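The lines below spell out each chain.
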Amino acid sequence: MQEFLKVVAQLFTPGGELLKIIGVTLYMAFLSTTISACLGLPLGVLIGSRRFRGKGVLMRVLNTLMGLPPVVAGLLVFFLLSRSGPLGSLKLLYTVSAMVIAQVLLITPIVAGLSASIVSGISPRLRETARGMGLSRHAEFFCLLYECRGQFLSVVLTAFGRSIAEVGAVSIVGGNVQYKTRVMTTAIMLETNKGNFEFAVSLGVVLLLISFIINSAALSLQEHERKLHGERRSA
Amino acid sequence: MSNMLEIRGLKKSFGGIDVLDIPELSIEKGGRCALIGANGSGKTTLLRILAGVLAPDEGKVRIMTDKVSYMPQKPYFFDFSVEKNIALAVRDRKNAKARANAALSALGLESIAARRGSSLSGGEAQRMAFARVLAERNELILLDEPTAAADLIGCERMEKALDSLVAESGATLVFATHTPAQALKLAREVIVLDKGRVAERGEVRQLLYSPRSECAKSFLSHWRL
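Calculation rules
Residues numbered from 1 in each chain as written. Chains lettered and ligands numbered in written order. Predicted model: local features only at pLDDT ≥ 70, side-chain atom pairs only at ≥ 80, totals over all residues. Heavy atoms only, no water. Salt bridge = Lys/Arg side-chain N within 4 Å of Asp/Glu carboxyl O. Buried < 20%, exposed > 50% of the residue type's maximum accessible area, 1.4 Å probe, protein only. Helix = DSSP H or I, 4+ residues; strand = E, 2+ residues; numbered from the N terminus. Expected span 1.5 Å × (residues − 1). Contact = heavy atoms within 4.5 Å. Disulfide = S-S within 2.5 Å. Core = buried A, V, L, I, M, F, W, Y, C linked by side-chain atoms within 4.5 Å. pLDDT = per-residue confidence, 0-100. Pairing = 2+ DSSP bridges. Axes fitted to C-alpha atoms, helices over the stretch in contact; angles between N-to-C directions.

### Points about the pattern of salt bridges
Residues and elements named next belong to chain B.
So, point 1. Evaluation of the coordinates by the stated rule reveals 19 salt bridges over all chains.
So, point 2. Two residues, Arg99 and Asp92, come together in a salt bridge whose shortest N-O distance is 3.7 Å.
So, point 3. On the accessibility criterion, Asp92 (31% relative accessible area) is partly exposed.

What follows is the structure in structure tokens.
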């Protein structure tokens, strides 16, 4: 309990290490989720809504990448960004940018795979009705995006959850540098290795709380929309 | 009278199984044609090809208008209000809302105009899809078992509204049905499909009361007209 109170006290200490760790964690998670959503959602919609040769193989590759072990992704990005690697001149290793790159590599297949599966479930019936109504391809596409919006939010939240909880890849490419690349998960790992179990658990609780607040905010947005529907329904 | 649609050498198969093989078929403008046949006889596939939803493997399909309404067996409803769902199908954007409401009134469904499309029951969804067809007022109307999920009152209203629409606009109507009585009410001619082929075609009363093909005889023997 004492350790937990210490963590809570640190939360209210301006310029403290914990606040910096939370800041880096949120920055990394939000940025990597946003980039992954920008890449993965259109890719998923494209794969899910079109019929083309090799679609089955592509889906299998995506599903495999969804289970990509974080340490493998971290290792790959490490080789790319290390001094002797092809992108070594960018000097990104042990920076938050490197962590974001590794996260994007991990999360984009999840976003693309899940959204492709959502779209392919809705698309055939929607396409048949839209064509029967004489809608243009553009209108059909926008209707498809609109219909999937709720599920897309869930996909993005899943990606965010994966990003904020990730430890393997970010510790390899971020290096857990104090005040620079240390995030909640790597801090928990460090404290566990040092034997500060209570402090580590307290950090874990804070991490869970952050995740809970963000998920609640996103889901209440969804509920607000549903309530609006209900009002219109009874009107 | 000129034709509204013409089919030449049409073939379609799924997974190596032939589901449609129609060497020649045409329906004239203003025609009212019912497609009947057992399950799997190719009615839905033919309608989907005519609607442009499905491409044929072989052959040509010529539709003489681009104003086509198609109501699938399981229509999809967008997560908008019912009114907006119907208005979306109307090309004349200025009058879309008014036409959507007129279509709803014709079916006695004004009370659910504000409900979400995704909240409708099966029968309601089918009637809403039919309201789309009414609001569109297109030149070619393709309906796939339009009243299969509707109750008796709903079914009667839909048949009456469709009859009025086709009589007023002179649209060409092609619909699949499992109910010969419905064919009798709405169609002038009947096409009997059997394993993807046209088994028989003829004037509605003549065909339904005295079918010639074995397939039509067998199919109609289960119905008391």
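### Remarks on helix 3 (residues 55–66) of chain A
Note on helix geometry: an α-helix contains 3.6 residues per turn, so any two residues three or four positions apart are oriented the same way.
So, point 1. Over its twelve residues, helix 3 of chain A runs 16 Å from end to end, which matches the ideal 16 Å to within 8%, given 1.5 Å per residue.
So, point 2. Its buried side turned inward, helix 3 of chain A meets helix 2 (17–49) and helix 5 (96–132) of chain A.

### Here we look at the state of the cysteines
Residue and element names in this part refer to chain B.
So, point 1. In total, this model carries zero disulfides over all chains according to the counting rule given.
So, point 2. Here Cys155 stays unpaired: no disulfide links it, and the sulfur of Cys33, its closest cysteine neighbor, is 19 Å away.
So, point 3. Cys155 sits in the buried class, given a relative accessible area of 16%.
So, point 4. Cys215 takes part in no disulfide bond, and the closest cysteine sulfur to it belongs to Cys33, at a distance of 15 Å.

### Concerning the nonpolar core
So, point 1. Residues B:Ile86, B:Leu107, B:Met128, B:Phe130, B:Ile141, B:Leu143 and B:Val190 are the most contacted members of the largest nonpolar core, which totals 49 residues.
So, point 2. Broken down by element, this core gets its largest block of residues, eight residues, from helix 4 (residues 122–136) of chain B.
So, point 3. Those residues in contact with B:Val190 that lie beyond four places of it in its chain are B:Ala34, B:Ile36, B:Ala183, B:Glu200, B:Arg201, B:Gly202, B:Val204 and B:Leu207.
So, point 4. With 41 residues, the next largest nonpolar core counts A:Leu93, A:Met133, A:Cys148 and A:Phe152 among its residues.

### Remarks on the confidence of the model for chain B
Residues and elements named next belong to chain B.
So, point 1. Model confidence for chain B is summarised by a mean pLDDT of 91, while 99% of its residues fall at 70 or above.
So, point 2. In the model of chain B, helix 8 (residues 214–220) stands out as the element of lowest mean pLDDT, 86, in contrast to strand 7 (residues 172–176), which has the highest, 97.
So, point 3. Scoring of the predicted complex yields 0.78 for pTM and 0.78 for ipTM.

### Describing the sheet that holds strand 1 (residues 3–14) of chain B
Residues and elements named next belong to chain B.
So, point 1. Strand order in the open sheet made by the three strands is 2-1-4, with antiparallel pairing throughout. Unpaired on one side and paired on the other, strand 2 (17–28) and strand 4 (58–63) mark the two borders of the sheet. Between one strand axis and the next, the sheet turns through 15° on average, direction left out of account.
So, point 2. One ladder, built from five bridges, connects strand 1 with strand 4; its direction is antiparallel. Residue Lys11 lies in a different strand from strand 4, and its bridge partner there is Glu58.
So, point 3. In the packing of helix 1 (residues 43–51) onto the sheet, the strands contacted are strand 1, strand 2 and strand 4, and the crossing angle to strand 1 comes to about 120°.

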